[in-house]
Amino acid sequence: MILTKAQYDEIAQCLVSVPPTRQSLRKLKQRFPSQSQATLLSIFSQEYQKHIKRTHAKHHTSEAIESYYQRYLNGVGRNGAAPVLLELANEVDYAPSLMARIILERFLQEHEETPPSKSVINSMLRDPSQIPDGVLANQVYQCIVNDCCYGPLVDCIKHAIGHEHEVLLRDMLLEKNLSFLDEDQLRAKGYDKTPDFILQVPVAVEGHIIHWIESKASFGDECSHHAYLHDQFWSYWNRFGPGLVIYWYGFIQELDCNRERGILLKACFPTDIVTLCHSVA
Amino acid sequence: MAAVLESLLREEVSVAAAVRWIARSAQSSEDDPGEAAALSSLRPLRKEFVPFLLNFLREQSSRVLPQGPPTPAKAPGSSAALPGRPGGPPRGGRGARSQLFPPTELSSAAAAEAPSARRGGRRRGPGPGRERGGRGPGGLEEGVGGESQPWTGGRRSRGAGSPGSPSLVRSDPPNLSNLEEFPPVGSVPPGPAGTKPSRRINPTPVSEERSLSKPKTCFTSPPINCVPSSQPSVLDTSPWGHGLPPGCRSLQEEREMLRKERSKQLQQSPSTTCPTSELGPPLPSWSGNLTAESADPARVSSRQRLELIALVYSSCIAENLVPNLFLELFFVLQLLTARRMVATKDGDLEPSPGAPDSLESPLFQSVHDCVFFAVQVLERQFQVLSYLDKGTLKLLAENERLLCFSPALQGRLRAAYEGSVAKVSLAMPPSAQAVSFQPETDNRANFSSDRAFHTFKKQRDVFFEVLREWEDRHEEPGWDFEKGLGSRIRAMMGQLSAACSHSHFVRLFQKQLLQMCQSPGGTGGTVLGEAPDVLSMLGADKLGRLRRLQERLVAPQSSGGPCPPPTFPGCQGFFRDFILSASSFQFNQHLMDSLSLKIRELNSLALPQPEPSDEDGESDVDWQGERRQFAMVLLSLRLLAKFLGFVAFLPYRGPEPPPTRELQDSILALRSQVPPALDVRALLQQGLRARRAVLTVPWLVEFLSLADHIVPLLDYYRSIFSVLLHLHRSLVLSKESEGEMCFLNKLLLLAVLGWLFQIPTVPEDLFFLEEGQLDALEVDTVASELGLDGMPVVDQHLLYTCCPYIGELRKLLASWVSGSSARSGGFVRKITPTTTTGLGAQPPRTSQGLQAQLAQAFFHNQPPSLRRTVEFVAERIGSNCVKHIKATLVADLVRQAESLLQEQLVTQGQDGGDPAQLLEILCSQLCPHGAQALTQGREFCQKKSPGAVRALLPEETPAAVLSSAENIAVGLATEKACTWLSANITALIRREVKAAVSRTLRAQGPEAAARGERRGCSRACEHHAPLPSHLISEIKDVLSLAVGPRDPEEGVSLDHLEQLLGQLGQTLQCRQFLCPPAEQHLAKCSVDLASLLVADHIPVLGPPSPRGLERGQARRLLHVLLSLWKDDFQVPVPLQLLLSPRNVGLLADTRPREWDLLLFLLRELVEKGLMGRTEIEACLGSLRDAQWPKDFSEELATLFRLFLAEPHMPEPQLRACELVQTNRGTVLAQS
């Protein structure tokens, strides 16, 4: 699951301009049968997010929004049951859930006196039943259940995966008899930055001292790893010293270059753990 | 001055008397009346003697040392003008003295001119040279690897009297002035070293109009312009004109006398010249033609004269009449290792071939003379030498010249070498470990607002990011701190708006500073004694660092000669540059405040008390600890003081002193009213009185070393310098009586003070001028008992750590051996290990009073470790006591508050009223209970302290001592805890109750139900259920298939659907991995699934092609869902969505419409109590509001009526219902 940069690039190459649908995923799995599905999905999702980040702006110009909205209106005018919005999104190479959001926002602007707040929109996306227009509600819902990279369901799945791995990690720590403070305990004490676990007694993993462990239920690619380094890992180091990051779905080998500096990467729970022995005086 | 030397040479005056005369202004009873008479007439010159002597020696040596300047620069103009102008302008004195030495005049024309030319150039532009490598106002050099700045060169160039260092002026190698490229070698004083002495070689006459712009023109001898105006008469009555013995009345006469003397000497001196014996193989030399000449004792000329001057010189050194002991030693070692003479004998004889005069002829006529003189001096400095490091001793003992000239000294050195305790020097790389986050000081409660808290959070990260980048890049060529990091730092500083944020940031900055650069080299932390100690302290988790350490061991250490300028080596550079780049007034002010506080705190830290009686092994163990603690405190103080000095004087620092007297006066007037950043004078006086000079002076020196040019002229600091000068003079190493300072303590102080006196900003004349005021500033040191000064707190390791420049001696000697550059870096650098431990808890300052006095007295005769143990225990138990109260009493009160609040909420309805008011009510009820804290706290301390003391003290501690120690510990701990508790318990209770109230109120909020009581999995659960994320993902796939678009062949198998619902059941029962959001989504997805089932929208795989589910299958699946909703979901299931227009609308698309499943579902919901009838009715009612096709509305209305018509039926009616539904459904469908 630890990929070299070259291996990773090969996979990423196949993901250019692939829509985030279950069909795409199926094909990807066939293309790379040796890689784990979770890893592939994670890479796919991250690549797609990078793609969306790059193109996000061009879909949000007022001209673009207007043109999408008109196309939507025309489409549903012809046939409200057809997957108008989803096809529109795929056609312009944008995430269906995000396209749904654009259209919904535009729709609400037209039909409500006050511009819709973000929370109202989020709530409607979570539960399209709240959308006053039945046709739009169906269209939005269709986009959301068909989008495997964005949308409230995907967010929830990601969150659940993250949580599940934290639980797994906690179990492993308990099993190894390593005492720790978890995020909640740290937050209760008023820590401003909280890794998943701080070890109350540091241990050595593969010869490196670690004070904390962060669980990441995703694949560690360059982009996300650098963002994590900046927002989280170095911040942890700044407060607690060196630590361990577990990318459960693997990572690019070359990124594991800060070991000496105090950030160690693993793709699984480490086996080579040395604990402090209390000398018998 | 020459006259004095002459009298000595003529043996009219004994050396002892002369030194006494120099050292003290008053006559001593020991003095022979004749001597006294001889000297008293010279009294006005007394102060000038030492500078004269030093200059004289430098002059002489530089003249004979091969690569030295051909002649010491003497202004030809002045030499011409002076002889005939006794009593003339002040500069006459200087000029006349210069004239004393015929060689000056007789040297070649080129030699005579060169210096003046050089001097001219120098005088015109002293600034740039001096501040070379400086960075504007913070113009201090970077002391990093190999980049040592020829500071002394800079100094030299500023020193008016010095014509340029020998090494700089040498003409043979074209760009010898580049000290980096041409490190001075053997015979030539290594650059910085050589340059330093040269500064005082040639006091240059300074014209009066320029005098103010060059306050430093003279270093060793007070130039006229620098002499306080109160003493003009002394200088006006030029020694050469008035009040002198008749023999000295005129220069001509004196010269005549000297000539005679010289001839006498020549006749007396044995002129045995034995053939030079090769003492060793030719040594490799740096420039190829610089092979060292071998020195031969037999070829020493005017032995007696050399002996005598060596004696005077040594006595001056011993009496601390010279500004810098180690500089003189360095000079002497240079003489010892002089390689070769340049001047020929003819040159020497030229001046007075017939009658060699004692002072007229060059003092050092050959390498033999130099070595002889050096060995003579070294013999008298043996005591100091014996305290040098093993490496230096070895090199000295192995020096063949030394062996040849004084086998006795060599023997003593060898013995000293063999007896020297081997020091294990282990260095840790700068600890890049970050300051850890401490909730007590760093959490939200310590900030005024959320914003401030979060801003600081970001700042901490930016700070370390900047630090890491610096670590990575600062050694890259072309990388510039300001360019690379400046704007980021300023952006960060710009966010520190609130004063409170500044103090937080400063705390972080200061802690990181201490953590990274406690040792002066910035290469590590503190001094540790022995290797085993290091290892035990390192512990397992430091092994990685040890490994890195090994890699760094090879790195050569840079140095800047025996008197390097103050630098910020290693990591210190980061902090210096950070301050400069931040250029934030607020930050600097907060930093100064913080540094001052920490300095005061550490300076007054109770350090080991004497334990002189007990010198067995055990106390030795203790002493290691004491020394270590002292070293850590001292090094921390030095670091802090250096940065305080840097920041405090930063606004005033400039490359040059003010150019005119008027300007200087006005600056002085301004500055004299600015109070000092830290009252260092008071701290110095306290330190001296408490006999803690060994702690106070080294950090004070660091502070002063960063002062600007004006500082030493300010009355406040002038008085400090006076005290320091006095102290310097009083530290006579040979005095070793009861109550004296320990030798190494003295040596440390001499070294740091000597270094300070050479700092460019310290006026050169200060050392020789201040003497007059000394008596007035006597510091009363008698009052205190034996303080730190009398304790052997300084060891060799600490000495070298504080004064790395002493290591220059070793380098000089080593370069002699290797014949290579003194900067080759071939020496193992001295390394100090670091520990991550802090500076130790500060013992609590207890209240005064008899009990405290008794406790003090009790500790007086106990080992210091006892006191530390007791204080430590008290400190910890006291602190734990507070935590204990918090965990017991306060926690109980919080629980009470919670239940009171619950009652309140029950009686007052859900919202419970205004939270602030609620809090007030609760606090008024609960805070009075805080009074119990004191009683409970006392009990806690009483219970816990004795055990801890017992565990930490040795077993043989007498019972009475033990119980007293326990009692004191209990008392101190109680005092500490109760002081805190009585002041803070109410606030603490309040704070905790407030948190509890807001917690409780939040729990009442809308989301509370979701978080309500949750069941865990059963005991037997092995957590093998499918993961929630997997299930959501699977259901999502089914939903997307059902919603479409889908390929014609796509579909779900019935088995898969059943399996999925089965898995959902398992997952909901095993709650190991389930978090509320996931469960909520599962609930919502299950409702969506049910709606799709009801509307028959799920494409089921199976022969022949995807189709709808059979009614019975759908109903079975709905049953499963119903039971999951009823029994397994712990979050609210959004069942009302089943009747949302969108989900009901799904039915509208199906033809024929099947309403039976919906009706079935509604009835079951009611049946299972999942939804109330009224709730369903309301949903159905609102459905009618939506816009539907006409036929659909009608069917919907029928369904509504049907549902309403059905009475609520218990179980047995189920079947009938189904039938009815089926019938009605069919009816509806057909209608």
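Just so we're clear, the structure is a prediction, and the values are computed from it rather than from any experiment. Sequence order sets the numbering: in each chain, residues are counted from 1 along the sequence as written. Chains carry letters and ligands carry numbers; both start at the beginning, A for chains and 1 for ligands, and go up in the order they are written. In view of the model being predicted, local features appear only for residues whose pLDDT reaches at least 70, and side-chain atom pairs are presented and counted only at 80 or more, with totals across whole chains, interfaces and linings using the full set of residues. Side-chain numbers here rest on the full set of heavy atoms in the structure, without hydrogens or water.

Engineer: Help me understand the overall build of chain A, please; the structure alone is not making it clear to me.
Structural biologist: Strands are runs of DSSP state E lasting at least two residues, helices are runs of H or I lasting at least four, and both sets are numbered from the N terminus onward. What chain A contains, in helices and strands, is 11 helices and 6 strands. Here chain A, with 281 residues, has 57% of them falling under the buried criterion. Across chain A, the fraction of contacts at a sequence separation of at least 24, relative to all contacts at a separation of at least 6, is 62%. Here the accessible surface of atoms and residues is derived via Shrake-Rupley with a 1.4 Å probe, and residues count as covered only by protein chains that are part of the display. Carbon together with sulfur atoms contributes 53% to the accessible area of chain A, which is approximately 12,500 Å² in total. Relative accessibility under 20% of the residue-type maximum defines a buried residue, over 50% an exposed one, and the middle range a partly exposed one, all with a 1.4 Å probe and only protein chains included. We call two residues in contact when some of their heavy atoms are within 4.5 Å.

Engineer: I tried to follow the interface of chain B and chain A on my own but got confused; where do I start?
Structural biologist: How big an interface is tends to be stated in terms of the accessible area lost upon association of its parts. Taken together, the contact between chain B and chain A spans 50 residues of the former and 50 residues of the latter. We define buried area as the total accessible area lost by two parts upon association, computed with a 1.4 Å probe and summed across both. Summing both sides of the interface, chain B and chain A together bury roughly 4,300 Å²; the carbon and sulfur share of this comes to 57%. Each salt bridge in this description consists of a side-chain nitrogen of Lys or Arg and a carboxyl oxygen of Asp or Glu lying within 4 Å of one another. Arg239(A) is paired through a salt bridge with Asp461(B); the nearest N and O atoms lie 2.7 Å apart. Polar contact is defined as a pair of N or O atoms within 3.5 Å, subject to the rule that within protein one atom must be able to donate a hydrogen and the other to accept it, and that residues adjacent in sequence are counted only when both atoms are side-chain atoms. Taken together, the links from chain B to chain A amount to 20 residue pairs in polar contact (both at pLDDT 80 or more).

Engineer: Would you take a moment to explain unusual backbone geometry for this structure?
Structural biologist: Excluding glycine, most residues fall at negative phi; most peptide bonds, likewise, are trans. Phi is positive for Asn177(A), close to 65°, though the residue is something other than glycine. A positive phi angle, close to 30°, is found at Ser583(B), a residue other than glycine. With respect to the helices and strands, the residue Ser583(B) is situated in the loop between helix H29 (571–582) and helix H30 (585–603).

Engineer: I keep staring at helix H33 (residues 680–689) of chain B and nothing clicks. Help me out?
Structural biologist: Helical periodicity: at 3.6 residues per turn, an α-helix aligns residues three or four positions apart in one direction. Residues and elements named next belong to chain B. For H33, the set of buried residues is Val680, Leu683, Leu684, Gly687 and Leu688. Each buried residue of H33 lies within a common arc of 135° when the element is viewed along its axis, so the set occupies one face. Its buried side turned inward, H33 meets H30, helix H34 (693–705) and helix H35 (715–730). Directly beyond the C-terminal end of H33, a positive phi value near 55° is found at Arg691. Our arc is simply the arc of the directions from the helix axis toward the C-beta atoms.

Engineer: Would you take a moment to explain the packing of aromatic side chains for this structure?
Structural biologist: Ring pairs (aromatic) are described by centroid distance and by the angle formed between their planes. Residues and elements named next belong to chain A. To pair, rings of Phe, Tyr and Trp, with the six-membered ring standing in for Trp, must have centres within 6.5 Å; the planes then decide the type, stacked if under 30 degrees apart, edge-to-face if over 60, and tilted in the middle. Counted under the stated rule, the structure contains 43 aromatic pairs over all chains. Measuring from ring centre to ring centre gives 6.4 Å for Tyr228 and Tyr247, while their planes differ by 45°; the resulting arrangement is tilted. With Tyr228 in helix H11 (residues 222–240) and Tyr247 in strand E4 (residues 243–247), the pair connects residues that are 19 residues apart, well separated along the chain. Residue classification places Tyr228 among the partly exposed positions, given a relative accessible area of 24%. Among the residues examined, Tyr247 registers a relative accessible area of 0% and is labelled buried.

Engineer: Please explain the pairing of strand E5 (residues 263–266) of chain A as it appears in this structure.
Structural biologist: One face of the sheet, then the other: side chains in a regular strand alternate in exactly this way. All names here are of chain A. Burial along E5 is two-sided: Ile263 and Leu265 facing one way and Leu264 and Lys266 facing the other are all buried. A pair of strands is labelled paired if DSSP reports no fewer than 2 bridges between them. Where E4 and E5 come together, 4 bridges link them in parallel fashion. Bridge pairing links Ile246 to Lys266 in E5.

Engineer: Could you clarify how one ought to interpret the pattern of salt bridges in this entry?
Structural biologist: One side chain can pair with another of opposite charge once the charged atoms of both are near each other. This model, assessed by the stated rule, comprises 46 salt bridges over all chains. Between Glu10(A) and Arg31(A) there is a salt bridge, with the nearest N and O atoms lying 3.7 Å from each other. Note that Glu10(A) is positioned in helix H1 (residues 5–13) and Arg31(A) in helix H2 (residues 22–31), a separation of 21 residues in sequence. Judged by relative accessible area, Glu10(A) falls into the partly exposed class, the value being 42%. Owing to a relative accessible area of 44%, Arg31(A) belongs among the partly exposed residues under this scheme. With its nearest N and O atoms 3.0 Å apart, the salt bridge here joins Glu465(B) to Arg488(B). Placement of the pair is Glu465(B) in helix H24 (residues 450–473) and Arg488(B) in helix H25 (residues 481–495), with a sequence separation of 23 residues.

Engineer: Even after reading the chapter, I still don't get helix H32 (residues 661–671) of chain B, so can you show me in this structure?
Structural biologist: Residues and elements named next belong to chain B. Taken together, the buried positions of H32 are Gln664, Leu668 and Arg671. The arc enclosing the buried residues of H32, seen along the axis, measures out at 70°, which places them on a common side. Facing away from the buried side of H32 by over 90 degrees, the exposed positions are Glu662 and Leu670.

Engineer: What am I meant to see in the nonpolar core here?
Structural biologist: Residue and element names in this part refer to chain B. Membership of the largest hydrophobic core comes to 341 residues, with the highest contact counts inside it found for Phe505, Phe578 and Trp1125. For this core, the leading source of residues is helix H31 (residues 617–649), giving 15 residues. Once residues lying within four places of it in the same chain are set aside, the contact partners of Phe578 are Phe463, Phe481, Ile489, Met492, Met493, Phe505, Phe509 and Phe587. Buried Ala, Val, Leu, Ile, Met, Phe, Trp, Tyr and Cys residues that are joined via side-chain atoms within 4.5 Å together make up what is termed a nonpolar core. Residues Phe858, Val870, Ala897 and Ala933 belong to the second largest nonpolar core, which totals 43 residues.

Engineer: Even after reading the chapter, I still don't get the environment of Leu1202(B), so can you show me in this structure?
Structural biologist: Residue and element names in this part refer to chain B. In this structure, Leu1202 sits in helix H54 (residues 1190–1205). Taking the relative accessible area as the measure of exposure, Leu1202 reaches 7% and is therefore buried. Between the C-alpha atoms of Leu1202 and Leu1159, which are 43 residues apart in sequence, the distance is 8.7 Å.

Engineer: What exactly am I supposed to notice about the packing of helix H47 (residues 1028–1043) of chain B against helix H49 (residues 1076–1094) of chain B here?
Structural biologist: A pair of packed helices can be characterised by two numbers: the angle between their axes and the separation between those axes. Residue and element names in this part refer to chain B. Close contact between H47 and H49 brings their axes to 10 Å; oriented N to C, the two are set at 25°. The pairing of H47 with H49 is recorded here as roughly parallel in orientation. Here H47 and H49 pass one another in a crossing that is left-handed. Contacts from Pro1028, Leu1031, Ile1032, Ile1035, Val1038, Leu1039 and Ala1042 of H47 reach H49 at Ala1078, His1081, Leu1082, Cys1085, Asp1088, Leu1089 and Leu1092. Charged residues are taken to be Asp, Glu, Lys and Arg, nonpolar residues to be Ala, Val, Leu, Ile, Met, Phe, Trp, Tyr, Cys and Pro, and polar residues to be all remaining types, Gly included. Per-class residue counts for the contact of H47 with H49 are 12 nonpolar, 1 polar and 1 charged. Only the stretch in contact is used when fitting a helix axis, every axis being a line fitted to C-alpha atoms; angles between N-to-C directions are given from 0 to 180 degrees. Here the word oblique covers every angle except those under 35 degrees (roughly parallel), over 145 (roughly antiparallel) and from 65 to 115 (roughly perpendicular). Put simply, a crossing is left-handed when the front helix is turned counterclockwise from the back one by less than a right angle, and right-handed when it is turned clockwise.

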